[in-house]
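Listed here are the chains, written in short residue letters.
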Amino acid sequence: MMFFDRIGGKITMKIRTATLQDLEAVAAVEAECFPAAEAATKEEFAQRLQYYGDHFWLKEQGFSIEAACK
């Protein structure tokens, strides 16, 4: 995990790898970023996260996931 601070020491962003607990959020980011014909399904992401979760990086802002990178 990496934390980025802004002036005043308040944590504003966290970058970490994904887990199966992130499935809903990762699928939502995928659906928002890609056309339906190209976006991976939630089931496909479940398999990917199960086997390759360490290769998916998430950016959290507050209590929500704002970006995913694979």
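Residues numbered from 1 in each chain as written. Predicted model: local features only at pLDDT ≥ 70, side-chain atom pairs only at ≥ 80, totals over all residues. Heavy atoms only, no water.

J.: Requested: an account of the nonpolar core, with residues and values cited.
T.: The biggest cluster of nonpolar side chains holds eight residues, and these are Ala 18, Leu 23, Val 26, Ala 40, Phe 45, Leu 49, Phe 56 and Leu 58. Those elements giving two or more residues to this core turn out to be helix H1 (23–33) and helix H2 (42–52). Ignoring sequence-local partners within four residues, the contact set of Ala 18 consists of Leu 49, Gly 53, Phe 56 and Leu 58. (Core = buried A, V, L, I, M, F, W, Y, C linked by side-chain atoms within 4.5 Å. Buried < 20%, exposed > 50% of the residue type's maximum accessible area, 1.4 Å probe, protein only. Helix = DSSP H or I, 4+ residues; strand = E, 2+ residues; numbered from the N terminus. Contact = heavy atoms within 4.5 Å.)

J.: Go over the packing of H1 against H2, please, and point to the residues and values.
T.: Packing of H1 against H2 leaves a shortest axis separation of 10 Å and a crossing angle of 125°. The orientation of H1 relative to H2 falls into the category oblique. Along this stretch, H1 crosses H2, giving a crossing that reads as right-handed. Residues Leu 23, Glu 24, Val 26, Ala 27 and Glu 30 of H1 form the contact with H2, whose own contacting residues are Lys 42, Phe 45, Ala 46 and Leu 49. For the contact of H1 with H2, the class distribution of residues is six nonpolar, no polar and three charged. (Axes fitted to C-alpha atoms, helices over the stretch in contact; angles between N-to-C directions. Parallel < 35°, antiparallel > 145°, perpendicular 65-115°, else oblique. Left-handed = near helix turned anticlockwise from the far one by under 90°. Nonpolar A, V, L, I, M, F, W, Y, C, P; charged D, E, K, R; others polar.)

J.: Lay out the pattern of salt bridges in plain terms, naming residues and giving numbers.
T.: All chains considered together, the criterion is met by two salt bridges. Across the pair Asp 22 and Arg 16 runs a salt bridge whose closest N-O atoms are separated by 2.7 Å. Residues Asp 22 and Arg 16 agree in their burial class; the two are buried. Between Lys 42 and Glu 24 there is a salt bridge, and its shortest N-O distance comes to 2.9 Å. Taken together, the positions of Lys 42 in helix H2 and Glu 24 in helix H1 put the pair 18 residues apart, joining distant regions of the chain. The exposure class of Glu 24 is exposed, given its relative accessible area of 53%. (Salt bridge = Lys/Arg side-chain N within 4 Å of Asp/Glu carboxyl O.)

J.: Which residues make up the packing of aromatic side chains, and what values do they have?
T.: Per the stated rule, a full pass over the model turns up one aromatic pair. Where Phe 45 meets Phe 56, the ring centres are 5.8 Å apart and the plane angle is 70°; that geometry is what we call edge-to-face. One end of the pair, Phe 45, is in helix H2; the other, Phe 56, is in the loop between H2 and strand E3 (57–61), and eleven residues separate them in sequence. Classification of Phe 56 as buried rests on a relative accessible area of 6%. In this structure, Arg 48 is placed above the aromatic ring of Phe 45, and the distance from its NZ or CZ to the ring centre is 5.3 Å. (Phe/Tyr/Trp six-rings, centres within 6.5 Å; stacked < 30°, edge-to-face > 60°. Lys NZ or Arg CZ within 6 Å of the ring centre and 35° of its normal.)

Everything listed is a geometric property; what it means functionally is a separate question.
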